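# Structure assessment
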Amino acid sequence: MKFFERSQSKAKAKNASVANIACTEDTVKSALSNVIDPDLQRDIVSLGFITDIKIDGPKVEVTVELTTPACPVKDLLKKQCEEQIISIPGIKEALVHMSSRTRGAEVKPANIQKSLGGVKNIIAVASGKGGVGKSTTAVNLAFSLAQSGSKVGILDADVYGPSLIQMTKVGNPEETTNGMNVPPTIDNIKMISIAMFNDKSKATILRGPMAAQIIKQFLSQVYWGDLDYLIIDYPPGTGDIQLTISQLAPVTAAVIVTTPQEVALADVRKAISMFDTLKVPVLGVIETMSYFICDSCETKHNLYGNGGAEKISDQFGVPVLAHIPIEPKLAECSDKGTPIVNHEKNNSAAIAYQKAGGECARFLSMLHLKSSEALTQFSLQWR
Amino acid sequence: MDRYLGIKNIDQADSRTLKIVWTDDVESLFDVVELRRMCPCASCVDEWTKQRTINPSAIQDSVRPISVDSVGQYALQINYNDNHKTGIYTYKYLRELSLSAQNPNKQ
């Protein structure tokens, strides 16, 4: 803050001594270097966010490239940029364009390069227990990220209990490119599920290695194209499928879904320990069935206890991304195949999921800045 | 150990030494023949008793990797020229190995 004040007074001093001082790109950059990205804790110039500066007399036009279109502080940063530019002596008009390029690992192992090569972030949505709302969370996270302009895909990895088709009413893949399946889309979100290839009323009866084989095909023989985020809806638990995904695909990060009760938390600890072993960073916890607000009062009723996600957060040092309320509309929307974040935007559960989406994108950007040094993939030939 | 410790750089130091620089800037050197003898896979170590089921001396000093590949973000797999490639060495295991090599008394 002090730095900000000093540079402003400097600007004023300049203004007083030299009238109509020429405004250069450097002047604009030094003014914009007062804008700090609150998450990355660095100024937007040194982060390389400024991609274009045009100076036309008293008018300055800049393009700011953020790390995600789902950036929750986009408007705040835009406003601060405008203020900084206007504060430059002689400048009367500031035009700030906000754009984005999602950062992520571009290099993938050879066997999945064709299918996942254009995917920047792979997010695992996982839980210890079943029935905590993993699929609902995966679908609504995906739609919330897509609403902010990101390119998104969903891979339903729950081979034994797929729910993606039920929750979105997505069709079956019809085209192929170079022998690879092209995923069908709903609202531009690409989707793949085992249910697209099976008789929906029949159970998938498979031993572990066969289930893992199907997941391998989803990762290597589906043409995902360019995606900012691929959400993988994990089956519950810590078994064969989870291990296969983590060995085959460079999963960027995991989001853990839990309900507040201790019986669910016990298994969440195991899921986090699995991701720790696999060196997949845990982005945070989403608590579902968190509270209920009835029609006649405003009180939050914590039907399944209070502070479950916070317990996990304290124990493992991972943030709570959102609390999702118990909301009849949420169940109804999921059953009808109309995700709540798209169809009931003002519903409290939809708002909570939108927040979760923004938080995920935010923490992923922070993660990339921190872990940019580690190799995501290598193959060393011995000489 | 850092929860999300990764590999910053991996290379061959000499004909039988693998060099890893970790993201916390620690540098580890591994004798690839020793790594073969310490293979953690199910055909080298009993899954239940954790007893080593191969005789270390049965492994020739001439054994060398063909390639070293990443497995997810937590481990690497070494494909040896004696047709053995099932060993998945987690980063955690490799760090433990390199620590015990530095302090042989504490093993």
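Residues numbered from 1 in each chain as written. Chains lettered and ligands numbered in written order. Predicted model: local features only at pLDDT ≥ 70, side-chain atom pairs only at ≥ 80, totals over all residues. Heavy atoms only, no water.

### Quick word on the overall build of chain A
Along its length, chain A carries 13 helices and 16 strands. Over its C-alpha atoms chain A spans a radius of gyration of 23 Å, differing by no more than 12% from the 21 Å that the globule rule assigns to 383 residues. The buried share of chain A, reckoned over its 383 residues, is 50%. Long-range pairs, those at least 24 residues apart, make up 73% of the contacts in chain A between residues at least 6 apart in sequence. If you sum the accessible surface of chain A, you get close to 17500 Å²; carbon and sulfur atoms cover 51% of it. (Helix = DSSP H or I, 4+ residues; strand = E, 2+ residues; numbered from the N terminus. Rg over C-alpha atoms; globule rule 2.2 N^0.38 Å. Buried < 20%, exposed > 50% of the residue type's maximum accessible area, 1.4 Å probe, protein only. Contact = heavy atoms within 4.5 Å. Areas by Shrake-Rupley, 256 points an atom, 1.4 Å probe, with all protein chains shown as cover.)

### A few points about the packing of aromatic side chains
Residue and element names in this part refer to chain A. Applying the stated criterion across every chain yields a total of four aromatic pairs over all chains. A ring pair is formed by Phe 197 and Phe 218, whose centres lie 6.0 Å apart and whose planes are at 35°; its orientation type is tilted. Remark: Phe 218 occurs in helix 7 (residues 208–220) and Phe 197 occurs in the loop between strand 11 (189–193) and helix 7; sequence separation between them is 21 residues. Here Tyr 234 and Phe 275 contribute two aromatic rings whose centre-to-centre distance is 5.9 Å and whose plane-to-plane angle is 50°, an arrangement assigned as tilted. Placement of Tyr 234 in the loop between strand 12 (227–233) and helix 8 (240–248) and of Phe 275 in helix 9 (residues 262–277) is noted, with a sequence separation of 41 residues between them. One exposure class covers both Tyr 234 and Phe 275, and it is buried. The aromatic ring of Tyr 291 is capped on one face by Lys 300, whose charged end is 4.4 Å from the ring centroid. (Phe/Tyr/Trp six-rings, centres within 6.5 Å; stacked < 30°, edge-to-face > 60°. Lys NZ or Arg CZ within 6 Å of the ring centre and 35° of its normal.)

### Observations concerning the environment of A:Ile112
All names here are of chain A. Positionally, Ile 112 belongs in helix 4 (residues 110–116). For Ile 112, a relative accessible area of 0% corresponds to the buried category. For Ile 112, the contacting residues outside a window of four places in its chain are Gly 117, Leu 219, Ser 220, Leu 248, Ala 249 and Pro 250.

### Regarding the packing of helix 7 of chain A against helix 8 of chain A
All names here are of chain A. Close contact between helix 7 and helix 8 brings their axes to 9 Å; oriented N to C, the two are set at 35°. Here helix 7 runs over helix 8; the crossing is right-handed. Residues Gly 208, Pro 209, Ala 211, Ala 212, Ile 215, Lys 216 and Leu 219 of helix 7 lie in contact with helix 8, whose contacting residues are Asp 240, Ile 241, Thr 244, Ile 245 and Leu 248. The residue inventory of the contact of helix 7 with helix 8, partitioned by class, reads eight nonpolar, two polar and two charged. (Axes fitted to C-alpha atoms, helices over the stretch in contact; angles between N-to-C directions. Left-handed = near helix turned anticlockwise from the far one by under 90°. Nonpolar A, V, L, I, M, F, W, Y, C, P; charged D, E, K, R; others polar.)

### Description of the pairing of strand 3 (residues 50–56) of chain A
Residue and element names in this part refer to chain A. Pairing of strand 3 with strand 4 (residues 59–66), which is carried by six bridges, proceeds in the antiparallel orientation. Each residue of the ladder has a partner; that of Asp 56, found in strand 4, is Lys 59. Count of turn residues in the strand 3/strand 4 antiparallel hairpin: two residues, of which Gly 57 carries a positive phi of about 60°. (Pairing = 2+ DSSP bridges.)

### Thoughts on the side chain of A:Ser246
On the secondary structure map, A:Ser246 appears in helix 8. In contact with A:Ser246, not counting residues within four places along its chain, are A:Tyr234, A:Val251, A:Leu278, B:Gly72 and B:Gln73.

### Side note on the confidence of the model for chain A
Across chain A, the average pLDDT comes to 86, with 93% of residues at 70 or higher. Ranking the helices and strands of chain A by mean pLDDT puts strand 7 (residues 152–156) of chain A first, with 96, and helix 1 (residues 2–17) of chain A last, with 42. (pLDDT = per-residue confidence, 0-100.)

### Some thoughts on the interface of chain B and chain A
Taken together, the contact pairs 32 residues of chain B with 27 residues of chain A. Summing both partners gives a buried area of about 2500 Å² for chain B against chain A, and 53% of it is carried by carbon and sulfur. Taken together, the connections running from chain B to chain A amount to zero salt bridges. On inspection of chain B and its partner chain A, the count reaches eight residue pairs in polar contact (both at pLDDT 80 or more). Breaking the side of chain B that touches chain A down by element, the ones donating at least two residues are strand 1 (7–14), strand 2 (17–22) and strand 4 (65–71) of chain B. Here the side of chain B that touches chain A is composed, by residue class, of 15 nonpolar, 10 polar and seven charged. With three bridges joining them, strand 16 (residues 379–381) of chain A and strand 4 of chain B adopt antiparallel strand pairing. Opposite A:Leu380, over in strand 4 of chain B, you have B:Val68 as the bridge partner. (Buried area = accessible area lost by both parts, 1.4 Å probe. Salt bridge = Lys/Arg side-chain N within 4 Å of Asp/Glu carboxyl O. Polar contact = N/O pair within 3.5 Å; in protein donor to acceptor, adjacent residues only side chain to side chain.)

### Quick look at the pairing of strand 5 (residues 93–100) of chain A
All names here are of chain A. By the bridge criterion, eight bridges tie strand 4 to strand 5 in an arrangement that is parallel. Among the inter-strand pairings, Lys 59 is bridged to a residue of strand 5, identified as Glu 93. The parallel pair strand 4 and strand 5 is bridged by helix 3 (residues 74–86), and the resulting crossover is right-handed. (Right-handed = clockwise from strand over helix to strand, strands pointing away.)

### Some remarks on the layout of surface pockets
Put simply, the second largest pocket is a space of about 690 Å³. What lines the second largest pocket is a set of 29 residues, and nearest its centre among them are A:Asn111, A:Gln247, A:Leu248, B:Val71 and B:Gln77. Of the residues forming the lining of the second largest pocket, the biggest block, five residues, is contributed by helix 8 of chain A. (1 Å grid on protein atoms, 1.4 Å probe; cavity = no way out; pocket = protein on both sides within 12 Å on 5 of 7 lines; lining within 4 Å. Points joined across faces, edges and corners; volume = space filled by probe spheres on them.)

### Quick notes on the nonpolar core
Within soluble globular proteins, side chains that are nonpolar tend to cluster in buried spots. By size, the foremost hydrophobic cluster in this structure holds 90 residues, and its most contacted members are A:Leu116, A:Leu219, A:Trp224, A:Ile231, A:Ile232, A:Ile245 and A:Phe275. It is helix 13 (residues 348–370) of chain A that provides the largest number of residues to this core, a total of 10 residues. Judged by nonpolar contacts, the second largest core, of 28 residues, contains B:Ile20, B:Cys41, B:Tyr91 and B:Leu97. (Core = buried A, V, L, I, M, F, W, Y, C linked by side-chain atoms within 4.5 Å.)

### Quick word on unusual backbone geometry
Positive phi is not limited to glycine here, since A:Asn178 has a value of about 50°. Structurally, A:Asn178 can be placed in the loop between strand 8 (176–177) and strand 9 (180–181). Relative accessible area serves as the criterion here: at 71%, A:Asn178 is assigned to the exposed category. Its identity as a non-glycine residue notwithstanding, B:Asp25 has a phi of 70°, on the positive side. Looking at the element boundaries, B:Asp25 is found in the loop between strand 2 and strand 3 (27–31).

### Observations concerning the environment of B:Lys50
Residues and elements named next belong to chain B. Inspection of the secondary structure assignment puts Lys 50 in the loop between helix 1 (32–37) and strand 4. For Lys 50, a relative accessible area of 61% puts it in the exposed group. Sequence separation between Lys 50 and Pro 40 is 10 residues; the distance between their C-alpha atoms is 9.3 Å. A distance of 3.2 Å separates a polar side-chain atom of Lys 50 from the backbone oxygen of Glu 47.

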